[in-house]
Amino acid sequence: MALLEVDNLSIEYISLDSRNLAVNDFSFSCDAGEVVGIVGESGSGKSTAMLGILGLTRAGAHIVGGNVRLDDRELLGLSDSEWGAIRGDEIGLITQNPRGSLNPVLPVGIQIAHVYRAHNPEVSKDQARDRAKELLEMVGINDPERRLDSFPHELSGGMAQRVLIAMSLSCTPKLLLADEPTSGLDVTVQAQVLDDLRDAALAVGSSMVLVTQDLGIVANYCDRIYQLHAGESVEQAPTSEFFKRPAHPASAALLMAHRGAEAERFKLHGFPVDGRRLPGGCWLHQRCPFVDEAAGCTTNHPDLIQVGPDHVSRCFRHDEVQGVMERLLRGETIDADAATTAEGGGDGE
Amino acid sequence: MSDGNGAADTPLLEVKSLVKQFSIPGTKAVVHACSDVTLTIRRGETLGIIGESGSGKTTLGRCVLRLLEPTSGQVLFEGRDLTSLSRKEMRKLRTDVQIVFQEPFDSLNPQMTVGRQIGEPLRIHTDLGKAARKTRVLELLELVGLPPSTYDALPRQLSPGALQRASIARAMSTDPKLIVLDEPTSALAPEAEAEVIRLLRRIQGETGIAYIFISHDLSLVGEICDSVAIMYLSQVIESGTRDQVFGNPRHPYSRALLAAVLLPDPSKRRDDAARAERLEGEIPSPIDLPAGCYLASRCHFVRDRCKTEPQQLLSAGEDGHDARCWRVTENDLKNEEIERLRAERRAQTADASA
Amino acid sequence: MAQLEAELGDPLQHDEELVAEATRWAHLKQLIRESWMVKIGLFVVLVALFLTAFGPIIAPQPLESSSPDVLESPSSEHWFGTDASGFDVFSRVIAAPRVDVTIALAATFLSLFLGSFLGLVISFFRGWAGNLSMRFVDVAQAFPLFVLAIIFVIGMGRSTVNIIVVIALLNVPIFLKLIRTEVLSLRERVFVESARAGGDSGLSIALRHVLPNALSPGFAQASITMGYSIIIAAGLSFIGAGVQPPTPEWGSMIAAGANGIQIGQWWPSLFPGIAMSLTVFGFAVVGETVQAVLMRKTL
């Protein structure tokens, strides 16, 4: 049984004149000690899904279906006070924009102590301060004693992010949710922060769900990957499988994006699908270089199909995709005819 | 491609000892954005300027165009010192040197049609009438791969990738010899980024234009630049050809930077060796620059003299490859130190998991 | 070229565009649909504008020739009754907008134009001159509006043009400051820097790029200023410093009938009073609605 099990989570935005299914029947799991990566283009619903795990939604959004189980305990539908005990204590959250998430008028030591004492009321102020110092050291901040009294604006981006990480780890949560934790940080700082995050999570025993668009991060820190498109999961695989034998055109596009000539052939053309106006058939078919009417792409919506051990893909043509990708990623070059892509493919537009 | 009047040997652009400081109002303190920067770009070449935040790379880009006035130093374009030109003369030179900025949406006036904006430099610098300008703009749209209907579109109707292509079209309108690209793809999704890079390469192939490519993305710079300069805290700390700098980085900062790159390949995960190169601590303030080497507080190879002696660019072995570190010539010592650091790191990790 | 186009995909976001446009209109329509106040305000403004154009023409009774039917209460012949000079109140009430609204419109647009231009010039260029000028503006704004208006008009003569100019001048600081706020942030934007990099000169950039983007708040404010201008114009006339009788004008009508209220002759003052209040209200509501829609969309 996995630590975290999310089944068929669906979150909808309801506005003036439309309903937008931001997260569609998304299922995934995270085992104890694992780092799971969720990737997808912007607008694919990854951040929304992550907040949904915590029972949180942005204005106008509602969770309309699914289960979220932590250690076999159902989370959706809990009362506010029950949620209060879970958020921060059993599940920690790290978001982008660290300085925006910190209270500008309180020293960071106090903020960390607050979180700790909120879930451990029997702890004294001094004990909480010690814990905060311990945490700052764990996340790689030099001179933690002095930094306890720093205000958020006195910290650099990297340090502020480390403070957030320290806060999220303060109650030794079972699970950490990190949404693009290093976006906006410099290259060297990013590597440092991620290393420290992973070390600290290991030290504390937390599993992690990491949401990002950066394949570098995913390749270096994640054990398993879920790829999202238009709010639904379209591929799921262990990391090495994902990078060697991706089985979905969206993954192929992502992996090929930096490859020069190849990128042209495998990219998704047009624009991200509008959640309010989903096409019939496969939701990606209008943009897909592998689209093929004969395979049913334009008429049927594919289910998740098993393509390997622990590897599923939501694509009728997964065999072709995997075949082409495997060879390309191994370093072979393939000429246009051999790759059954849009040139032959069909009337995608 | 190059005009055959014997200028083929003169570098297209030379930056000599450029200094840019910003004074902080109300105090005597000064922010050092660029300190003693010297660079050379040849015709048709792509020079990459790499740096993280606070390195001064953006300021450098703007000083080259005199969008910011350099505090001192020279910027020689085809032999002429830009810093000494009058406003009128500088204006004429703007047909030869152009810039593309980072933000796709903000680079264009939200209320003006894209076509009109691409034609603005033509309106300013040429006598072409409206119809002639429109023809030229349509040609430019074709060059960058945008449909003619873009002419009448407003910026908000275009995707970020298309907006950057429009900005490139505008920069190309006066047939410049050099374009400064300030993080042109940082705000784009990977697919759009790849398209813009392809476009830039194609234009360079067709016109022989030179680029100054400012970026923090090492893989990108490695892909398209012929020569590279790495900046840290207002100084150029290493420069040379792409192969020299990326293949054999000599400065500790360059090494740390390259080691910090996360490759999208699980078989090439950041290993102990890479982690050994990481810099500790935080970047010093650009107002209160340290005496001696600016990296001293964070460098693993630091010695006493690093903290007091300002460092100069020294030859790192090969012709044209320079690094700002006195230890650059001491190859053996460096390798030994790296081994020592790796061993230390391995021991640390072993302790942690014990 | 077609192949290149196909390769690179259609960069125009048709859906995005329609959604963006639709949102602003949809928002406006929604506001109109949902709020009674907005509906009324809009209706009142349209009626006022209609009357400005056609009021004196459709007025049933002569406007400026007196009749012996003095101070008759409202009846089927005189819907709003007659005033102390025998004028038909209804006719004069619906003819008055031509004076009040015209003055307000002219004054508002004059101050919008002047205030925007001054705001642009003071704020776009850097240096101490801008700050110094703003201190003058602050001082000007510190004076009580209405008192200044009275002084100016009495000093400069009571012609309609003078009244318009005075009201315009008094409203300039508001527009100046609104535009200034926009210009101060706009001048730091990248597209302004791009224009400089392209070789464009300061004034050209200010007029071509900055000004069109800076006017939104000004337009939103304009309708609200309309309301204030009507009040000032009417107010001036009320105390006898504005438009001269017998020109039909709400303020002077109210003034003329003021004494009569105590002895039960309520209609000469009340009807112009209601008409004026409604009109000002209408313009204020429309102004706030435009603000709500435009401001939401500020990039």
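Residues numbered from 1 in each chain as written. Chains lettered and ligands numbered in written order. Predicted model: local features only at pLDDT ≥ 70, side-chain atom pairs only at ≥ 80, totals over all residues.

Thoughts on the overall build of chain A
From N to C terminus, chain A includes 14 helices and 12 strands. Reported as C-alpha extents along the three principal axes, the dimensions of chain A are approximately 70 × 40 × 40 Å. A total of 349 residues make up chain A; the buried ones form 50% of that total. Pairs at least 24 residues apart make up 64% of the contacts formed inside chain A by residues separated by at least 6 positions. (Helix = DSSP H or I, 4+ residues; strand = E, 2+ residues; numbered from the N terminus. Buried ≥ 20, exposed ≤ 12 C-beta atoms within 10 Å, placed from the backbone. Contact = placed C-beta atoms within 7 Å.)

Let's talk about helix α7 (residues 157-169) of chain A
Residue and element names in this part refer to chain A. The end-to-end C-alpha separation of α7 is 19 Å, in line with the 18 Å expected for 13 residues at 1.5 Å each. Counting buried positions along α7 gives 12 out of 13 residues, so the element sits mostly inside the fold. Among all positions in α7, only Gly-158, Met-159, Ala-160, Gln-161, Arg-162, Val-163, Leu-164, Ile-165, Ala-166, Met-167, Ser-168 and Leu-169 are buried. Where the residues of α7 are buried, they touch β6 (91-94), α3 (98-101), α4 (108-119), α5 (125-138), β7 (175-179) and α8 (187-204). (Expected span 1.5 Å × (residues − 1).)

Observations regarding the interface of chain C and chain B
Listed by partner, the interface residues are 25 residues for chain C and 32 residues for chain B. Here the side of chain C that touches chain B takes seven residues from helix α9 (residues 190-197) of chain C, the largest share from any one element. Of the residues that constitute the side of chain C that touches chain B, the class distribution is 12 nonpolar, six polar and seven charged. (Nonpolar A, V, L, I, M, F, W, Y, C, P; charged D, E, K, R; others polar.)

So, the sheet that holds strand β12 (residues 311-313) of chain A
All names here are of chain A. Strands sit in the order β6-β7-β8-β3-β9-β10-β12-β11 across an open sheet of eight strands; the sheet is mixed. Strands with a single pairing partner mark the edges of an open sheet, and in this sheet they are β6 and β11 (305-308). Across the sheet, the mean angle separating the axes of adjacent strands is 25° when strand polarity is ignored. Judged from the five bridges that link them, β7 and strand β8 (residues 207-211) form a sheet pairing that is parallel. (Pairing = 2+ DSSP bridges. Axes fitted to C-alpha atoms, helices over the stretch in contact; angles between N-to-C directions.)

Description of the confidence of the model for chain A
When the pLDDT values of chain A are averaged, the result is 84; 93% of them are 70 or greater. The low-confidence segment residues 342-349 of chain A (pLDDT under 50) makes 17 contacts with residues lying over four places distant or belonging to another chain. (pLDDT = per-residue confidence, 0-100.)

What to know about the packing of α4 of chain A against α7 of chain A
Residue and element names in this part refer to chain A. Put simply, α4 and α7 touch, their axes get as near as 8 Å, and they point 20° apart. As judged from the angle between their axes, α4 and α7 are roughly parallel. The handedness of the crossing between α4 and α7 comes out as right-handed. Only Val-163, Ala-166 and Met-167 of α7 make contact with α4, whose side of the interface consists of Val-108, Gln-111, Ile-112 and Val-115. Class assignment of the residues belonging to the contact of α4 with α7 gives a composition of six nonpolar, one polar and no charged. (Parallel < 35°, antiparallel > 145°, perpendicular 65-115°, else oblique. Left-handed = near helix turned anticlockwise from the far one by under 90°.)

A short note on the sheet that holds strand β8 (residues 210-215) of chain B
Residues and elements named next belong to chain B. Taken in spatial order, the eight strands line up as β6-β7-β8-β3-β9-β10-β12-β11 in an open sheet, and their pairing is mixed. Only two strands of the sheet have a single neighbouring strand rather than two, namely β6 (97-100) and β11 (314-315). Against the sheet, helix α6 (residues 160-172) makes contact with β6 and β7 (178-182), and its axis sits at roughly 170° relative to β6, the strand it touches most. Strand contacts of helix α10 (residues 252-259): β9 (227-232) and β10 (235-241), with the helix running at about 105° to β9, the strand carrying the most contacts.

Re the pairing of β6 of chain A
Residues and elements named next belong to chain A. The two faces of β6 match: Ile-91 and Leu-93 on one face and Gly-92 and Ile-94 on the other face are all buried. Here β6 pairs with β7 via four bridges, running parallel. Considered in β7, the bridge of Leu-93 is made with Leu-177.

Quick look at α8 of chain A
Residue and element names in this part refer to chain A. Relative to the 26 Å expected for 18 residues at 1.5 Å per residue, α8 spans 26 Å between its end C-alpha atoms, a close match to the ideal helical length. Of all the residues in α8, the buried ones are Val-187, Thr-188, Val-189, Gln-190, Ala-191, Gln-192, Val-193, Leu-194, Leu-197, Ala-200 and Ala-201. Following α8 by one or two positions, Gly-205 adopts a phi angle in the positive range, close to 90°.

Some details on the nonpolar core
In this structure, Val-209 of chain A, Ile-212 and Ile-230 of chain B together with Ile-167 and Val-210 of chain C are the most contacted members of the largest nonpolar core, which totals 258 residues. Per-element accounting of this core gives the leading share, 13 residues, to helix α8 (residues 160-186) of chain C. With sequence-adjacent residues up to four places away left out, Val-209 of chain A is seen in contact with Cys-30, Val-36, Ile-38, Met-50, Leu-175 and Leu-177 of chain A. (Core = buried A, V, L, I, M, F, W, Y, C linked by C-beta atoms within 7 Å.)

Things to note about unusual backbone geometry
Residues and elements named next belong to chain A. Even without a glycine there, the phi angle at Glu-180 is positive, about 45°. Mapped onto the elements, Glu-180 comes out in the loop between β7 and α8. Assessed through the 18 C-beta atoms surrounding it within 10 Å, Glu-180 is described here as partly exposed. Despite not being glycine, Asp-310 shows a phi value in the positive range, around 60°. Turning to its location among the elements, Asp-310 is positioned in the loop between β11 and β12.

What to know about the environment of Gly-73 of chain B
Residues and elements named next belong to chain B. Within the secondary structure, Gly-73 sits in strand β4 (residues 72-77). In sequence terms Gly-73 and Ser-35 are 38 residues apart; their C-alpha atoms lie 9.7 Å from each other. Each residue touching Gly-73, except ones within four places of it in the same chain, is listed here: Lys-16, Ser-17, Leu-18 and Val-19.

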